[in-house]
Amino acid sequence: MSCTLSSTQPCFGPRLGHARAHREAGMETPTSRFFAPSGKVLSRHLLCALQARPCGLLKQTALNKIVGRFQLHQEALPHLPVPPLQQTLDRYLLALEPIISPEELSHTQQLVAEFRKPGGVGERLQKGLERRAKKTENWLSDWWLKTAYLEYRLPVVVHSSPGVVLPKQDFLDRQGQLRFAAKLIEGILDFKAMIDNETLPVEYMGGKPLCMNQYYQILSSCRIPGPKRDSIVNYAKGKKQSRHITVVHNFQFFELDVYHSDGSPLTADQLFIQLEKIWNTSLQTNKEPIGILTTNHRNSWAKAYNNLLKDKTNKESVRAIEKSICTVCLDAPMPRVSEDIYKSRVAAQMLHGGGSRLNSGNRWFDKTLQFIVAEDGSCGLVYEHAPSEGPPIVALLDHVVEFTKKPETGKSPTVHLPMPKKLRFNITPEIKNDIENAKQNLNIMVEDLDIKVMVFHQFGKGFPKSEKISPDAFIQLALQLAYYRMYGRACATYESASLRMFRLGRTDTIRSASVDSLKFVKSMDSPDKSDQEKADLLRKATQAHREYTDMAIRGNAIDRHLLGLKLQAIEDLVSIPELFMDTAYAVAMHFNLSTSQVPAKTDCVMCFGPVVPDGYGVCYNPMEEHINFAISAFNSCADTNAARMAHYLEKALLDMRILLQAAPKSKL
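Residues numbered from 1 in each chain as written. Predicted model: local features only at pLDDT ≥ 70, side-chain atom pairs only at ≥ 80, totals over all residues. Heavy atoms only, no water.

Focus on the UniProt feature "active site" (unreviewed entry) in the protein chain
So, point 1. Feature annotation in UniProt places "active site" (unreviewed entry) on H385, given in this structure's numbering.
So, point 2. At 3.3 Å, the side chain of H385 and the side chain of Y149 are in polar contact. (UniProt positions renumbered as here; feature names shortened; annotations may be inferred. Polar contact = N/O pair within 3.5 Å; in protein donor to acceptor, adjacent residues only side chain to side chain.)

Below, the structure written as structure tokens:
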């Protein structure tokens, strides 16, 4: 992955509060380089092996396995700091200023004054956090995984799992679909070899090495539903490593071994033969969509899961899915739509499968990685968010997409390949009832999701860069302007910032609604301000965003620290401080705009649902000459509309460009 630092590293994670998946932050992709952990001398043998991989896509099996390299790298990373208490409280009040009334702010100032008193509640909780930080690898990571993901009870579909829309493929026939899927699988195995051999290039951000742990969590893993909290299983390590993927076609699941007995991966030709066998033995279209159970509310699914696993055959089939490296979904074609809404429909298809009558039963949504290849050439993926943010997923995707373009290297030797194993399910009346219930709930969600993919063609990241402005800050400010023009106010805005500079780091929040952004958006349509004044306010606001971003990626943002203080109080069995029961805290955590920059080399876009009922989910991939946006909202909210937001966002971007072109740069 190449990179110039533009803001934060794109990352992801849901968040607490009203909803879920928090997103990746405003920064361009991290660079990849080989890295000798500070203070460690790498042996000549290890160094040679590290440098053995040229930048091209080579068969990784030829590389020696570098045992212990990952561990060595991880141990050299710094621990996530606990920010100073007074700093966080000051910045919290500053973050509230643009989104609450002066009266509410005055009340919160009193609560903060009480909380920060010497020897008071705040200091006691802060000391507890500092003790926790000393005795754990990362004081936040376990808490975050539980609160943001595993204890989150809404369905993972739409509410937590992001999708990715890939460029449409031109398949002449069904063979084209299967050949592409075969090549895709070969590319996944090529990437997996780098993970297994610990030869994956370490990523850097602003010259600092990043935590690579998430790469080791995304393959051979699966979420397991539980009555109050889910869990994650990972079969990537240990003696019984996964050797198969799951393939789904017409709601029927198959276990496909992707390695020969000598450990070498099947070639694309061999995988194609196996996929043909799967296709030809799953032509019936009247099968019960067992996978639709994974779309339900987590408590309902946990109950149905236990019910499903009472049967020995069902249990074996479910375990085979959970243990698989990933899932490949061979979808039926999408209903034909006009060109202008095609990408938006594909985004919906990636997020939820289109409903029980279309492809939603052709999934196992608890699986970390599901690649989707439809008969009509629509393709992409959906991933379960708990193990990873967006960038590792996109890095894998960039590698795989590049790999699929490589020409075949001649015919593979003909070998006898065993028939892929069909995974059987015994459907009792009770399970049938659970499926019907899940279908109904899913179809309501499908109808409720309003999603718009917009390709903004007028300019890409090149323009803000030419003005010496961070592209991410420029886009975030355009979102603030669009929202203000639509609603006449600023709102709590979430943009994810990567904490991967630290061991086991996930995300924190960049609060894009700031005092400076509000000053700019208010001035933009004001007749009292000159273009020069407006342009100066624009530059000042983008600079403030850049500074908040830098602060966040260095572990000094406010959101995770405040969450930690609250969770520390719960752990200490003391009453929750009034600061966290305050209306202002609820407003600050109600993210009407949940946003994420997820840059990729591939011309794709990630998408996700809003995190509150009256909010928007906005994800974007800034390319050099254009920007891909995916904007989501809920139809059940009369006040939000994805197409309207797209329209206002487009206008905001254009108006901001006109403003900068009209006003010469002045020294702020």
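Describing the sheet that holds strand β15 (residues 507-511)
So, point 1. The six strands lie next to each other as β13-β19-β18-β16-β14-β15, forming an open sheet whose pairing is mixed. Among the strands making up the open sheet, the edge pair consists of β13 (449-456) and β15. With strand direction ignored, the average angle separating the axes of adjacent strands in the sheet is 25°.
So, point 2. Direction of pairing for strand β16 (residues 593-597) relative to strand β18 (residues 616-622): parallel, over a ladder of five bridges. (Pairing = 2+ DSSP bridges. Helix = DSSP H or I, 4+ residues; strand = E, 2+ residues; numbered from the N terminus. Axes fitted to C-alpha atoms, helices over the stretch in contact; angles between N-to-C directions.)

Some words on the pairing of β16
So, point 1. Along β16, five of the five residues are buried, which leaves the element largely enclosed by surrounding structure.
So, point 2. Alternating residues of β16 divide into L593, T595 and Q597 and S594 and S596, and every residue in both groups is buried.
So, point 3. One ladder, built from three bridges, connects strand β14 (residues 493-498) with β16; its direction is parallel. Residue pairing in the sheet places T493 in a bridge with L593 of β16. (Buried < 20%, exposed > 50% of the residue type's maximum accessible area, 1.4 Å probe, protein only.)

Details of the confidence of the model for the protein chain
So, point 1. With 89% of its residues at a pLDDT of at least 70, the protein chain reaches an overall mean of 89.
So, point 2. In the model, residues 1-63 has pLDDT below 50 throughout and makes 276 contacts with residues more than four positions away in sequence or in other chains. (pLDDT = per-residue confidence, 0-100. Contact = heavy atoms within 4.5 Å.)

Describing the side chain of H561
So, point 1. Mapped onto the fold, H561 is located in helix α18 (residues 559-571).
So, point 2. Excluding residues within four positions of it along the chain, H561 makes contact with V82, P83, P84, L85, T88, Q126, L129 and W139.

Some details on the packing of aromatic side chains
So, point 1. Scanning all chains against the criterion turns up 18 aromatic pairs.
So, point 2. Consider the rings of W301 and Y305, whose centres lie 5.3 Å apart with planes at 85°: the pair is edge-to-face. Linking W301 with Y305, this pair stays in helix α9 (residues 298-308), spanning four residues, or about one helical turn. Each of the two residues, W301 as well as Y305, counts as buried. (Phe/Tyr/Trp six-rings, centres within 6.5 Å; stacked < 30°, edge-to-face > 60°.)

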